[in-house]
Amino acid sequence: MRSLRLVVVTGVVLALGASGLHGPVAAQPTPPPPVEAGVAPGAPVPDPRPGAAFADPKVAELQNSASRVQRELRELADKIGTARSDVARAAAAATKARAARERADAVVAARQDEVDRYTNAVFNALGKPDELRLFLLATNQRDWLRGARLVAELRADQNARLSGARDRQRAAIKAERAAVRAERSAAARHAELESRTNHAVNRADAVSSELRDEISDADKAVTDRQRAQVKRNRETAANWRDYLRRLRAAGVTPPAAAALRDPAALPAGLEPLRGAGGRAQAGVARWTSPSGERLLVLPEETIAAVSSAVRVLGRPYVPAGGGAGPAAYSCDGLTRSAYTGAGLPLPSSATGQLAVSRPVRRADVQPGDLVFLGPKRYGVQSVGIVLDNRTMLAADARMAGVVVAGLPGGDSVLGFARPALGPRPAAPVPERAEGELRWRCGSVILPARRGDQAAGAWGGYPNGLIPPAALCRIGVGEHALRCDAAAAYRAMSEAFASRFGRPLCITDSYRTFGQQTRLYAQKPGLAAVPGTSNHGWALAVDLCGGLESFGTEEYAWMLANAGAFGWSNPGWARRGAAREEPWHWEFVGRTFR
């Protein structure tokens, strides 16, 4: 087993006309994008989702491979950061020691000059001040003793002043040498780590080349799954249209939901539909032709709701805000949009929908009923629309779109409900157990890194490996974002244009894993570790046209107004922060100030 594997899955482009990838393309200046991290300093390698959260086993395997590379490069990046700080501290200490030694040199020179000047003065006045001269000049023993003491004191004072300065000089030289050795050692450590990082990047590139066949196989598996999903969606839509055609051909006009709630008082020509145990079901009916042909009759509201959901098959998935269409959907946003639009109002969350919807037994489930998914330890993590006893329609995170999926069994199903029966008083529903991961619409949702940063992981694909069909273009070149982020960006750009007479200038949006890898190889000290940037989640942009610098009118406008559109220049990227990136903005999916 290889210890290091870097894999890059190429994007899967699907011909989904409703994917949001089509639209007018605007021209704009294209200055070179700043090389930046797009992730908070010190942020851990994200996306610790279990393999079950991904759309395909091969994709989960690729994420594991990418995570191994991320961990190694992250560890090296952290060590390089520490080594860089050590080099700076050692250099500062060496500079300080060098200055101290230079001051000691100056003191020694001054002391030596003082001694020289004193000696010269004594020679000029009296000759050399030594004991022999005193002995020859002294007139008595007392004068000789006094003179000898004076000479000794003068000499001792000169020697002490000069030797003290020289001692300090020697200590300064020793300290300077130690500081220089420490500086060289820190620099060598830094160079070693830089070399190891370069080797790691080179190994990653080499492994990527070695795994080309495996990557190709994984890419094909993802492509095949997406194509199979498109085919299944189309077949299901065709089957639903055929059901509606047969109702019309039989002359059956679906009645209102209220007319089908009492099986004992159904409209003329309809009869009760028996459920498990022979009991007549409420909210549905059956029509039988003279020749014995039987048709299921659903309320007109249910038919309208299912029809609207079928029409948006293939639209992209979004996890939260903006999930009620029409460009993209979350699982509960889809059901709420479909049923509320048909005249059967539902709450906004899957939890709320289960709480107020009237339950039905699994054996009695009919098309148009809602299915709520768990298991209980996750709480109500998803909701879908039942199509038959084997399939459902849902906005699914793992498939990154509105799809036809298999109806799960076992403890994954929390219950079924029939919106046509009307609401009930809110009842208790399962809540997520403490310590469990937060699941939504089939995939794990990770918490925001900070309150002003994008949440990161979403949907059923790893960072930088999101199919284009799951994204929406913003109308500028090939730039694309998660669909709710794209809609918010377009609205923000229009507001910006009303103030400055031009739309926002953008240099970077969604960044694939391969692009992140290449950028990291070019600038490992500035770019994010591959698979960690919010660019890879299609939740970040780099802007230009006055937003490259703090203090401009454009930046001030963005800082004051972007929060109303759910965008933020995160705290770590602002002026005076650990890494200043005025051009980097992230979609937080809600109003943020």
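Residues numbered from 1 in each chain as written. Predicted model: local features only at pLDDT ≥ 70, side-chain atom pairs only at ≥ 80, totals over all residues. Heavy atoms only, no water.

### Concerning helix H8 (residues 483-500)
- The first and last C-alpha atoms of H8 sit 25 Å apart over 18 residues, in line with the 26 Å expected at 1.5 Å per residue.
- For H8, the full list of buried residues reads Cys 483, Asp 484, Ala 485, Ala 486, Ala 488, Tyr 489, Met 492, Ser 493, Phe 496 and Phe 500.
- Remark: Gly 501 follows H8 within two positions and exhibits a positive phi of approximately 80 degrees. (Helix = DSSP H or I, 4+ residues; strand = E, 2+ residues; numbered from the N terminus. Expected span 1.5 Å × (residues − 1). Buried < 20%, exposed > 50% of the residue type's maximum accessible area, 1.4 Å probe, protein only.)

### Structural notes on helix H5 (residues 300-311)
- Compared with the 16 Å implied by 1.5 Å per residue over twelve residues, the 16 Å span of H5 between its first and last C-alpha is a close match.
- Of all the residues in H5, the buried ones are Glu 301, Thr 302, Ile 303, Ala 305, Val 306, Ser 307, Ala 309 and Val 310.

### Overview of the sheet that holds strand S14 (residues 540-544)
- Across the sheet, which stays open at both edges, the four strands sit in the order S13-S14-S16-S15 with antiparallel pairing between neighbours. Strands with a single pairing partner mark the edges of an open sheet, and in this sheet they are strand S13 (505-508) and strand S15 (567-568). (Pairing = 2+ DSSP bridges.)

### Focus on the sheet that holds strand S3 (residues 359-360)
- Taken together, six strands build an open sheet; the order of strands is S3-S8-S4-S5-S6-S7 and the sheet is antiparallel. Edge positions in the open sheet fall to S3 and strand S7 (401-406), since each of these has one partner strand only.
- For strand S4 (residues 370-373) and strand S5 (residues 382-386), the ladder comprises four bridges, and the chain directions are antiparallel. Paired with Leu 370 across the strands is Ile 385, a residue of S5.

### Focus: the nonpolar core
- Ranked by size, the top nonpolar core spans 118 residues in total, and within it Tyr 339, Leu 393, Tyr 489, Leu 543, Met 558 and Trp 567 carry the most contacts.
- Ranked by residue count, the leading element in this core is H8, at eight residues.
- The residues contacting Leu 543, other than those within four sequence positions of it, are Tyr 489, Leu 504, Cys 505, Ile 506, Thr 507, Glu 548, Met 558, Trp 583 and Trp 585. (Core = buried A, V, L, I, M, F, W, Y, C linked by side-chain atoms within 4.5 Å. Contact = heavy atoms within 4.5 Å.)

### A word on the environment of Gly 275
- By the element assignment, Gly 275 lies in the loop between helix H4 (212-249) and strand S1 (285-288).
- Spatially, the C-alpha atom of Gly 275 lies 5.3 Å from that of Asp 364, the residues being 89 residues apart in sequence.
- If we skip the residues at most four places from it in the chain, Gly 275 touches Gln 281 and Asp 364.

### Description of the state of the cysteines
- By the definition in use, this model includes three disulfides.
- Between the sulfur atoms of Cys 472 and its disulfide mate Cys 483 the distance is 2.2 Å. Here Cys 472 and Cys 483 share a disulfide; its torsion about the S-S bond, 80 degrees, makes the bridge right-handed. Taken together, the positions of Cys 472 in strand S11 (residues 471-473) and Cys 483 in helix H8 put the pair eleven residues apart, joining distant regions of the chain.
- The disulfide that involves Cys 505 links it to Cys 544, with 1.7 Å between the sulfurs. Disulfide Cys 505-Cys 544: torsion about the S-S bond near -80 degrees, hence left-handed. (Disulfide = S-S within 2.5 Å.)

### Regarding the pairing of S5
- The element S5 is extensively covered by neighbouring structure, given that five of its five residues are classed as buried.
- The sheet contact formed by S5 and strand S6 (residues 391-396) spans two bridges and is antiparallel. Note on S6: the bridge partner recorded for Ile 385 is Leu 393.
- Adjacent in sequence and paired antiparallel, S5 and S6 are bridged by four residues.

### Some points on the packing of H8 against helix H10 (residues 553-561)
- It is at 11 Å that the axes of H8 and H10 come closest, and there the two elements cross at 135 degrees. Of the possible angle classes, the one that applies to H8 and H10 is oblique. As for the relative orientation of H8 and H10, their crossing is right-handed in sense. Contact residues: Met 492, Ala 495, Phe 496, Arg 499 and Phe 500 in H8; Glu 553, Glu 554, Trp 557 and Met 558 in H10.
- Grouping the constituent residues of the contact of H8 with H10 by class yields six nonpolar, no polar and three charged. (Axes fitted to C-alpha atoms, helices over the stretch in contact; angles between N-to-C directions. Parallel < 35°, antiparallel > 145°, perpendicular 65-115°, else oblique. Left-handed = near helix turned anticlockwise from the far one by under 90°. Nonpolar A, V, L, I, M, F, W, Y, C, P; charged D, E, K, R; others polar.)

### Regarding the pairing of strand S2 (residues 294-297)
- Direction of pairing for S1 relative to S2: antiparallel, over a ladder of four bridges. When the sheet's bridge partners are listed, Trp 287 is paired in S2 with Leu 295.
- Hairpin geometry of S1 and S2 is characterised by an intervening segment of five residues between the two adjacent antiparallel strands and by a positive phi of about 100 degrees at Gly 292.

### Let's talk about unusual backbone geometry
- Along the chain, Gly 325 connects to Pro 326 via a cis peptide bond; the corresponding omega equals 0 degrees.
- By secondary structure assignment, the location of Pro 326 is in the loop between H5 and helix H6 (331-341).
- A cis geometry characterises the amide bond from Gly 374 onward to Pro 375, with omega recorded as 5 degrees.
- Within the fold, Pro 375 resides in the loop between S4 and S5.
- Its identity is not glycine, yet Ala 400 carries a phi of approximately 60 degrees, on the positive side.
- Tracing the sequence through the fold places Ala 400 in the loop between S6 and S7.
- Under the relative-accessibility criterion, Ala 400 is labelled buried at 8%.

### Observations regarding the packing of H5 against H6
- Two elements in contact, H5 and H6, have axes whose closest approach is 8 Å; the angle formed by their N-to-C orientations is 135 degrees. Here H6 runs oblique to H5, going by the angle between their axes. For the pair H5 and H6, the crossing hand works out as right-handed. Taking contact as the criterion, the partners of Ala 305, Val 306, Ser 308 and Ala 309 in H5 are, on H6, Leu 334, Ala 338 and Tyr 339.

### So, the packing of aromatic side chains
- Summed over the entire model, instances satisfying the criterion amount to nine aromatic pairs.
- Ring geometry for Tyr 489 and Trp 567: centres 6.1 Å apart, planes at 75 degrees, overall edge-to-face. Within this pair, whereas Tyr 489 is found in helix H8, its partner Trp 567 is found in strand S15, the two being separated by 78 residues in sequence. Note on accessibility: Tyr 489 and Trp 567 belong to one class, buried.
- Pairing Trp 567 with Phe 587 gives two aromatic rings, centres 5.5 Å apart and planes at 55 degrees, and the pair type is tilted. Taken as a pair, Trp 567 in strand S15 and Phe 587 in strand S16 (residues 584-587) lie far apart in primary sequence, 20 residues in all. (Phe/Tyr/Trp six-rings, centres within 6.5 Å; stacked < 30°, edge-to-face > 60°.)

### Some thoughts on the confidence of the model for the chain
- When the pLDDT values of the chain are averaged, the result is 81; 77% of them are 70 or greater.
- Note on residues 1-25: pLDDT is under 50 here. Beyond four places in sequence and across chains, it has 81 contacts. (pLDDT = per-residue confidence, 0-100.)

### Brief notes about the environment of Glu 554
- Looking at the secondary structure, you find Glu 554 in helix H10.
- Assessed through its relative accessible area of 14%, Glu 554 is described here as buried.
- A sequence separation of 54 residues divides Glu 554 from Phe 500, and the C-alpha atoms of the two residues are 8.1 Å apart.
- Aside from chain neighbours lying at most four places away, what touches Glu 554 is Phe 496, Phe 500, Arg 502, Gly 545, Gly 546 and Leu 547.

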